[in-house]
Each structure stands twice: as C-alpha cells, then as structure tokens.
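# A structural walkthrough
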Amino acid sequence: AATASSPATLRFPPGFLWGAATAAYQIEGAAQEDGRTPSIWDTFSRTPGKVLGGDTGDIACDHYHRWRDDVRLMAELGLGSYRFSVSWPRVQPTGRGPAVQRGLDFYRALVDELLAHGIQPVVTLYHWDLPQDLETAFPSGSSAGGGWPERDTAHRFADYARIVAEALGDRVEMWTTLNEPWCSAFLGYGSGVHAPGRTDHRAALRAAHHLNLAHGLGAQALRATLPARAQVGISLNPSAVRPLTDAPEDLDAQRRIDALANRIFTGPLLKGAYPDDLFADTADITDWSFVRPEDLAVIKHPLDFLGINYYTPTVVSATTDPSAPRQDGHNSSLHSPWPGADGVAFHRAHGELTAMDWPVDPTGLVDLLSQYTAEAPGVPLFITENGAAYEDTPGADGRIHDPDRIRYLHAHLAAVHEAIRAGADVRGYFLWSLLDNFEWAYGYSKRFGAVYVDYASQARTPKSSARWYARVAASGALELPEADGPSDGPPE
Ligand code: GBH
C-alpha cells in the first residue's frame, strides 16, 4: 500500500474541510411538530402522482428526534464539518411574522452538540422547503401566482435570514443562503418535477431572478446581523455543459444551456449583470421587466465563498427532432425545465451509470473548478455536495458493501485534488449525503447515504464507503492507485 510520503498518495491542503451534507426536508420528519406548518414539499409530496411510491417527508430519517445519535455517528466517522439546512416553516410557519422559538431551539441544540464534538456547522438557509403560505397567500394585486415568481418572496427570505442569523450567529461561522436555485426555479416552476410543480417558463425565469434577489437581500441581512468573522456564500449546481460535436449548431446549444444553467446565476452574482444572450434567447417568453436596475447591485453582494454541487456532466446538441430528450436525465417528463431551448437535445455523457442513471464522469468537476477559479478570482471554493446513489442492500452479516460508491468518491476527490494542483482554491468537500434520505421526486427509492437507513426501524448502519471516507478524512489524503479495487478496511 502507498505510504504517506509515497507519490501515490494525494495529500489535500492543511485545514481542508472534510464534511457531509443533508437537507431539512430530506431527513427531519416531524412534519407537524412544535408548530411546523407545511412547506411546498409537504403539499407536493402529499399530492398523488408527484413522488414515486407516494413517499413523503413526514417521518423521513426521523432526524428531528434522533439528532443526538446522528451527531455521535458523525463524530465516529471523524467528520470535521456538517452541512445541514434550516426548515423555514419550522422557524417561521407562515413565512411572515414572528419566529417560533421551539423551532429555533432545535437548531441551537443541534449546533451546540456539533461544536461539542468538534464538528464545524455549515448552515444552508434554504434547501427548497418554502412555507406553503408564501406559495398560496401572495400579495393582492399580484399576477405572478405566489412563491418565487413573486418579488415579495425575496424580501420574506431576507427577514427569515435575519431571524436565523440572530438565533445561531454566535455559534455558526459558515452560511449559505440558497441551495441550487436552478432547481428551485426550473424544476419547481418549469418542468414541474419538484414542488410546487408549476409548468410555466415565464414564471420559472421570474423565479430565477427573485432567487438571485433573495440571495442578495439575504446576504445583506446576514452581514448586518453576523459577527465579522462569518463567511457568507451560496451553493450552486453549475452544469459542466459539453457540445455533442464541435459543429457550430452544437456549440450554440452549449452556449444556450450554459446561459440558462450557469450564467443566469453567475452573471448577476459575480458581474452584476444578466448575459445579453440570455435575454435574446428568452425574448419570446418574457421582456425581463421584473428585473429592476437596482436589484443587480444587491445581488452582486461580495461572496466569501462559492459552493459547488456536482454529480455528472451535461451533453447537448442542436436538434429539429421533436421527440429528442429536452432535459438532463432523460426522464420523459412532458415539460422541459429549459425556457427558450426547444432546439436543444440532451445526451448521456460516457461513463458507468449510478442508480440515478447519471454517468460517472469526474472530468466535469475539474472543468467547473478551473472555470470558477477564472470567473471568481479570489473567491474560495467548496464542494458543498458530491456523491452517488447505488442499490445498497445489507448482506447476511448486516453490513453494506458499496465499492461502487467508494470508486465514485475516490474518482471525484482525485478530480478535486487535480483542480487544486492546477490552482483552484478549494477549501473543503461535503459528501452527499450523510444518510440515505428522501430523494425528492424519487422518494426513498434512491440511496445516496454513506450511512444506510433502515426506514422500518430507523437503524443507521455505516456502509463501507463511510468507513473509507472516515479514513480519508482522518489522513487528509487519498491513496493511489485503488490497486485491487478499493478496500474497505480490515474486518472488525
Ligand atoms: C442535489 O440536486 C440536491 O441538492 C440534493 O438535495 C439531492 O438529494 C441531490 O442532489 C441528489 O439528487 O433536467 O429534470 O432531468 C441535484 C441536482 C440537477 C440533478 C438537475 C438532476 C437534472 C434534472 N440535479 N438534474 S432534469
């Protein structure tokens, strides 16, 4: 085996943060406890036909009651950091007005327990669970239909950000405003495969802008409330978009999807402007009059870090074939998430498939890290999510052997290391996910956890990948090569 000094060991920089991530709706359960009201995901998951198997987050991993055990598990795995999200309807049930102290108490206790175990908490304010009232009860006179297409929602988010910052600001240093606003806007209001399930491209574009504005107003509220040492960022899911060929039409398809997937967020966030080609591509859908000039300075709030969530690349071509797949993942939803991209077809990247049918291709991560190093000079980067679903089944001995996941994580960590060597300032990596959990439209059918959850008993069993990751985190290094396939350590 490679030793610490051998060239076959990839060492990560000192202080590199090794973490795991979760999100409130995916793990907490306790949907009706302590004053929590429904979010758009409660409503959506309780609507027949929206989530596979009719699964809901009512119980999920019961983390709301098992958080102490879950923190102990994180400590056993030697995690240096834990990224979790706060449930907005648990702390501000209608999305307006006063906070519920019992909801905040849950997160105060969780953070104290993490700190007591030497685990650095990273708070995400919004991981898709909008209070239902903000979707349904919108200001009178509005025609946007509620939720993120509504400008007012961005202001409500800033109030909520201040509430959480006041409650946790003395003990949490790392904050992200939004998780993957692309998904909230385009899967929530465009393709409708996520809550609230609307299919209206104009609403999706409005939602994208108001999510950007929410980030800016939220970051201002955090800055005004938090101590100076606090770090404020955002987690995006940028697409590593590739053209199928280098024909000009395919390069143009790449440009269009890059605008709708990436530059619609990084334009205003990093440069204070939406890209002109985005306006041109979507001119038939909207005149973008919902963007007020003064919004752009708010959105361009300086970022202390940028979070990148990465799973698989995106491959596109131009098409005139009406039956060509109009989205990533090739699920045959009737509605495309991509406004103004009717002439674009989606293809699978090369690589072995995970249980999500997502190809394993870490080169997209290297590309994105070098791209953001150039586009956001001086802004530290974090991988705030990376991981894979596989068909995990406990063996006769009750253990879960998941060599595919170890290979996936190994390859992607090697990609991060390669990017760092090429000059990317990557400060940490968060595995998605700590636990198997509610995988949105797929319910409990897909398992992304490093820790297996038996949903009947709620028993947690670390998979081989969890033990493997614990060793990587403890040593701060990745061993190469994976000689006879990854080992999951000595039997215990
Ligand atoms: C992340 O999003 C989430 O943050 C996390 O909560 C989730 O559990 C995890 O990944 C695993 O899914 O064009 O309709 O076919 C996933 C990012 C971006 C992946 C959009 C699927 C294609 C959707 N997703 N992508 S579609």
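Residues numbered from 1 in each chain as written. Predicted model: local features only at pLDDT ≥ 70, side-chain atom pairs only at ≥ 80, totals over all residues. Heavy atoms only, no water.

Right, let's get into the packing of helix H7 (residues 151-168) against helix H9 (residues 201-225). Packed helices, taken two at a time, are described by the angle between their axes plus the distance between the axes. Across the interface, H7 lies against H9 with an axial gap of 8 Å and an inter-helix angle of 30°. As the angle between them shows, H7 and H9 are arranged roughly parallel. Note on packing geometry: the crossing formed by H7 with H9 is right-handed. Two secondary-structure elements touch here, H7 through Arg151, Ala154, His155, Phe157, Ala158, Ala161, Arg162, Ala165 and Glu166 and H9 through His210, Leu213, Ala214, Leu217, Gly218, Ala221, Leu222, Ala224 and Thr225. Residue composition of the contact of H7 with H9, by class: eleven nonpolar, four polar and three charged. (Axes fitted to C-alpha atoms, helices over the stretch in contact; angles between N-to-C directions. Helix = DSSP H or I, 4+ residues; strand = E, 2+ residues; numbered from the N terminus. Parallel < 35°, antiparallel > 145°, perpendicular 65-115°, else oblique. Left-handed = near helix turned anticlockwise from the far one by under 90°. Contact = heavy atoms within 4.5 Å. Nonpolar A, V, L, I, M, F, W, Y, C, P; charged D, E, K, R; others polar.)

For the ligand, the set of nearby residues contains 20 residues, the closest of which are Gln26, Glu180, Asp328, Glu439 and Trp440. A distance of 2.6 Å separates an oxygen atom of the ligand from a polar side-chain atom of Glu439. At 2.8 Å, a side-chain N or O of Trp440 approaches an oxygen atom of the ligand. Protein contact buries 90% of the 590 Å² of open area that the ligand shows by itself. Structurally, the ligand is housed in the largest pocket. Looking at side-chain class alone, the shell around the ligand contains ten nonpolar, six polar and four charged residues. (Near = heavy atom within 4 Å. Polar contact = N/O pair within 3.5 Å; in protein donor to acceptor, adjacent residues only side chain to side chain. Areas by Shrake-Rupley, 256 points an atom, 1.4 Å probe, with all protein chains shown as cover. 1 Å grid on protein atoms, 1.4 Å probe; cavity = no way out; pocket = protein on both sides within 12 Å on 5 of 7 lines; lining within 4 Å. Sits in = over half its atoms within 2 Å of the grid points.)

With parallel pairing, the eight strands of this closed barrel are ordered in space as S2-S3-S4-S5-S6-S8-S11-S12. Each adjacent strand pair in this sheet contributes to an overall mean axis angle of 25°, direction not counted. The pairing of strand S5 (residues 174-179) with strand S6 (residues 231-236) spans four bridges and is parallel. If you follow Trp175 over to S6, its bridge partner there is Val232. Across the sheet, helix H13 (residues 363-375) lies against strand S8 (305-309), strand S11 (381-386) and strand S12 (426-432), angled at about 150° from S11, the strand it touches most. (Pairing = 2+ DSSP bridges.)

Mapped onto the fold, Arg447 is located in the loop between S12 and strand S13 (451-454). Arg447 sits in the buried class, given a relative accessible area of 14%. At 2.6 Å, the side chain of Arg447 and the side chain of Asp436 are in polar contact. Among the polar contacts listed, one links the side chain of Arg447 to the backbone oxygen of Val453, at a separation of 2.8 Å. Sequence-distant contacts of Arg447, defined by excluding residues within four places in its chain, comprise Ala388, Ala389, Tyr390, Asp392, Arg405, Asp436, Tyr452, Val453, Tyr455 and Lys463. (Buried < 20%, exposed > 50% of the residue type's maximum accessible area, 1.4 Å probe, protein only.)

The end-to-end C-alpha separation of helix H15 (residues 464-475) is 17 Å, in line with the 16 Å expected for twelve residues at 1.5 Å each. For H15, the full list of buried residues reads Ser464, Ser465, Ala466, Trp468, Tyr469, Ala470, Val472 and Ala473. The inward-facing, buried residues of H15 contact strand S2 (17-21), helix H14 (403-421), S12, strand S14 (459-462) and strand S15 (477-479). Taken from the residues just after H15, Gly476 is the one with a positive phi, measuring 65°. (Expected span 1.5 Å × (residues − 1).)

Our focus in this paragraph is the pairing of strand S4 (residues 120-126). Across the seven residues of S4, six count as buried, placing the element largely inside the fold. Where strand S3 (residues 81-85) meets S4, five bridges bridge the pair, whose relative direction is parallel. Residue pairing across strands places Phe84 opposite Val123, the latter belonging to S4.

Turning next to helix H10 (residues 248-271). Its 24 residues place the ends of H10 only 27 Å apart at the C-alpha level, less than the 34 Å of an ideal helix rising 1.5 Å per residue. Within H10, the axis deviates most sharply at Arg263, by approximately 55°. (Bend = angle between axes of the 7 residues up to and from the residue.)

This part covers the sheet that holds strand S9 (residues 314-318). Here we have three strands laid out as an open sheet, ordered S7-S9-S10, and mixed in their pairing. Of all the strands in the sheet, the pair left with one neighbour each is strand S7 (241-243) and strand S10 (344-347). Between one strand axis and the next, the sheet turns by 40° as a mean value, whatever way the strands run. In terms of strand pairing, S9 meets S10 through four bridges, oriented antiparallel. Counted as the bridge partner of Val316 is Phe346 from S10.

To continue, consider the layout of surface pockets. Here the largest pocket is characterised by a volume of approximately 1,000 Å³. What lines the largest pocket is a set of 45 residues, among which Trp182, Cys183, Leu187, Asp328 and Trp358 lie closest to the centre. It is helix H8 (residues 181-187) that provides the largest number of residues to the lining of the largest pocket, a total of three residues. Across the lining of the largest pocket, the residue classes tally to 22 nonpolar, 16 polar and seven charged. (Points joined across faces, edges and corners; volume = space filled by probe spheres on them.)

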